[in-house]
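Structural description and commentary
Spelled out from the first residue to the last, the chains are:
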Amino acid sequence: MNGELLQQVRVLDPVSGTDRIADVLIENGDIKAVQESISDWPPDTQVRECQGLILGPGLVDIYSHSGEPGFEERETLESLMEAAAAGGFTRLAILPTTTPPLDHPGGLALLKSKVPNPKAKIQFWGALTLGLEGQQMAELADLANVGIIGFSDGLPLSNLALVRRLLEYVKPFELPVAFWPCDRKLAGNGAAREGVQSITLGLPGNPAIAETSALAALLELVEATGTPVHIMRVSCDRSVELIKTAKKRGLPVTASTTWMHLLLNTDAIAGMGERGRFSFPYDPSLRLEPPLGNPNDQLALIQGVKEGVIDAIAIDHSPYTYEEKTVAFADTPPGAIGLELALSLLWQGLVETGKLSALELWQVLSTGPSLCIRQTPITALPGMSAELTLFNPQQSWKVEQQTLKSLSVNTPWLGQQLIGKVVKTWN
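Let us look at the structure shown here. (Residues numbered from 1 in each chain as written. Predicted model: local features only at pLDDT ≥ 70, side-chain atom pairs only at ≥ 80, totals over all residues. Heavy atoms only, no water.)

**A word on the overall build of the chain**
The helix and strand tally for the chain stands at 13 helices and 17 strands. A globule of 427 residues ought to have a C-alpha radius of gyration of about 22 Å, and the chain, at 21 Å, matches this closely. When the backbone C-alpha atoms are referred to their principal axes, the chain occupies close to 65 × 50 × 45 Å. In the chain, buried positions account for 57% of the 427 residues. A separation threshold of at least 6 residues defines the contact pool for the chain, and within that pool the share at least 24 residues apart is 75%. (Helix = DSSP H or I, 4+ residues; strand = E, 2+ residues; numbered from the N terminus. Rg over C-alpha atoms; globule rule 2.2 N^0.38 Å. Buried < 20%, exposed > 50% of the residue type's maximum accessible area, 1.4 Å probe, protein only. Contact = heavy atoms within 4.5 Å.)

**Section: the pairing of strand 2 (residues 18-27)**
Counting buried positions along strand 2 gives seven out of 10 residues, so the element sits mostly inside the fold. As paired elements, strand 1 (residues 3-13) and strand 2 share nine bridges and run antiparallel to each other. Bridge pairing links Leu 12 to Asp 19 in strand 2. Remark: four residues form the turn of the hairpin made by strand 1 and strand 2, two consecutive strands paired antiparallel; Gly 17 in that turn has positive phi of roughly 70°. (Pairing = 2+ DSSP bridges.)

**Some thoughts on the pattern of salt bridges**
Summed over all chains, the structure comprises 15 salt bridges. Its salt-bridge partner being Lys 244, residue Glu 307 comes within 3.2 Å of it at the nearest N-O pair. Taken together, the positions of Glu 307 in helix 10 (residues 295-307) and Lys 244 in helix 8 (residues 237-248) put the pair 63 residues apart, joining distant regions of the chain. (Salt bridge = Lys/Arg side-chain N within 4 Å of Asp/Glu carboxyl O.)

**A few points about the environment of Leu 292**
Following the sequence through the fold, Leu 292 ends up in the loop between helix 9 (259-263) and helix 10. Each C-alpha atom, one on Leu 292 and one on Ile 269, is 8.7 Å from the other, the two residues being 23 residues apart in sequence. In this view, Leu 292 contacts Arg 193, Met 260, His 261, Leu 264, Asn 265, Thr 266, Ala 268, Ile 269 and Leu 286; residues no more than four positions away in its chain are not counted.

**Some points on the sheet that holds strand 7 (residues 89-94)**
Sheet architecture is open: four strands sit in the order 6-7-8-9, paired in parallel fashion. For this open sheet the edge positions go to strand 6 (59-64) and strand 9 (150-151), each flanked by a neighbour on one side alone. Judged from the four bridges that link them, strand 6 and strand 7 form a sheet pairing that is parallel. Across the sheet, residue Val 60 finds its bridge partner in strand 7, namely Arg 91.

**A few points about the layout of surface pockets**
What the largest pocket holds in volume is close to 520 Å³. Lining the largest pocket are 29 residues, with His 65, Arg 233, Ser 318, Tyr 320 and Pro 334 sitting closest to its centre. The element best represented in the lining of the largest pocket is helix 9, accounting for three residues. A per-class count over the lining of the largest pocket returns 13 nonpolar, 11 polar and five charged. (1 Å grid on protein atoms, 1.4 Å probe; cavity = no way out; pocket = protein on both sides within 12 Å on 5 of 7 lines; lining within 4 Å. Points joined across faces, edges and corners; volume = space filled by probe spheres on them. Nonpolar A, V, L, I, M, F, W, Y, C, P; charged D, E, K, R; others polar.)

**Some details on the sheet that holds strand 10 (residues 178-179)**
Strands sit in the order 10-13-14-15 across an open sheet of four strands; the sheet is parallel. Looking along the sheet, the strands with just one partner apiece sit at the ends: strand 10 and strand 15 (312-314). In this sheet, strand 13 (residues 229-231) lies alongside strand 10 in parallel orientation, the contact comprising two bridges. By the bridge assignment, Phe 179 is partnered in strand 13 with Ile 231. Across the sheet, helix 13 (residues 358-372) lies against strand 13, strand 14 (253-258) and strand 15, angled at about 90° from strand 15, the strand it touches most. (Axes fitted to C-alpha atoms, helices over the stretch in contact; angles between N-to-C directions.)

**Considering unusual backbone geometry**
Omega for the bond connecting Glu 68 with Pro 69 falls within 30 degrees of zero, at 5°, which places this linkage in the cis form. Summarising the element assignment, Pro 69 is placed in the loop between strand 6 and helix 1 (77-86). The amide bond that connects Glu 289 to the next residue, Pro 290, takes the cis arrangement and shows omega of 0°. Here the phi dihedral of Glu 174 falls at roughly 55°; this positive angle occurs in a residue that is not glycine. Looking at where Glu 174 falls in the secondary structure, it is placed in the loop between helix 4 (160-170) and strand 10. On the basis of relative accessible area, Glu 174 is assigned to the exposed category, the value being 62%. For Asp 316, which is not glycine, the phi torsion reads 50° and is therefore positive. Taking the relative accessible area as the measure of exposure, Asp 316 reaches 10% and is therefore buried.

Below, the structure written as C-alpha cells:
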C-alpha cells in the first residue's frame, strides 16, 4: 500500500497556525496534499474516514528515562520506543541517568548502536559531569562528537562555580544545555510540596524555594555568560514569574514543565482532585521530583503555558518495577510513566475544559519542544515528510498492563478508563 487518504480529519499545525477540517493524502512517506476535499487519488490508496479525529505533527518529548542499560526490567529501548509510538510521540530524548551513565563517548556510541529499528526517533543527552555526581566536568567535546542532542545531567547541580565553567565551556558547541534547578539541601527529604496540604498529609515538605533559589542563581549565571539554557521541571508559581521576567529582559532561556504538574496538585496525593478520585491516597506513583505543586502552582503553570512562558511540556517518563514502587510514599523512588497516557489526559484535562486550545496544546507537545532543543519543528504541510500523529479524542480505553507497551505500570491511572487514544503514528 503506497498511499493513504485521510478524509475530513481535523488538521492541527502550530507552525502555520492551522486548525481546519481537510482531506490529507500521504504517498510514499510524504504529505502529498492537504485540501478541503480531494476527489482524485491513486488506485492503490487506502481511504480512511476520519471525521472527529485529530491529525497533527508528531509529538516530541525532550526528556525521559530509559531502564537500558542497567535496569532492563524497568524498560528497554525497544519497549520505550513502542510506548512512545503508542502515545503519539515520534521523537524521544533520553537523559543520561542510565547505569552506567552516558558520560563517556564509548558507552554512548555503544548504546546508540543497540537502538532497534525505531518506531520513534530516539536521541540521547550527554552528561555534563562524570558519574552524574556534579563534581567534575565530563569530556564534553568528545561527547559532542558522537551525535548527542545536547548536554544535561537531568539531576541538580549544587556547585555554582562548576555550573559557570560548564556554561562557558559548552557555548562554542552550539548544542542545547538543560538544567534542573533544585537546591538539595533546602529540599531535604521532602516528599510533597511544603504547605497546608503536606502538613495535613503528614508528609515532609519540600519548599518551593528549593527550586526558586536555584533557578535565580542559574539565571544570574546565564546573564553573566550569555549561554542559552533550557530550564527543566518548572513546578511552582514563583518560578514562572522568574522565567517570565528573565525572558522580558532578553535572557536566552527556554523552559518546560512536566505533564503531571499541569494536571494534578497536592490534592491528588490525598486521593482526590479535579480529575476525580484515585483508587487510594498516598499512591506511590504520585511521588514525583519535583513534587506536585499546590493548587496555585498548577494554575500558574497552565497560565505560563498559555502565555508562552513555558515553552514545552515534557513527559519525564520514569519507569520503575512494582517491587520498587510498592513501599511507603516518602520512601518510593520518585517518578511515573507517561508516554502512552499524556496526550489523552492533557486533551481531556486542558482542551476539553477550555483551559488551552487544541492548537496551544499541540504547540507545547510538538513545536515548542523541537525549538527548545534547536531542531526544526515538524509540520503537517504539503511537501513535508509524513511525521504525524492521528488521535481519536473520543475513544475509550482502560489502562492495564496488557494495554500498555511500557514494561512498567507505575501510574496513578492504572486500572482507570481513559478517553482519547492515539490511532496511528507515521514516522
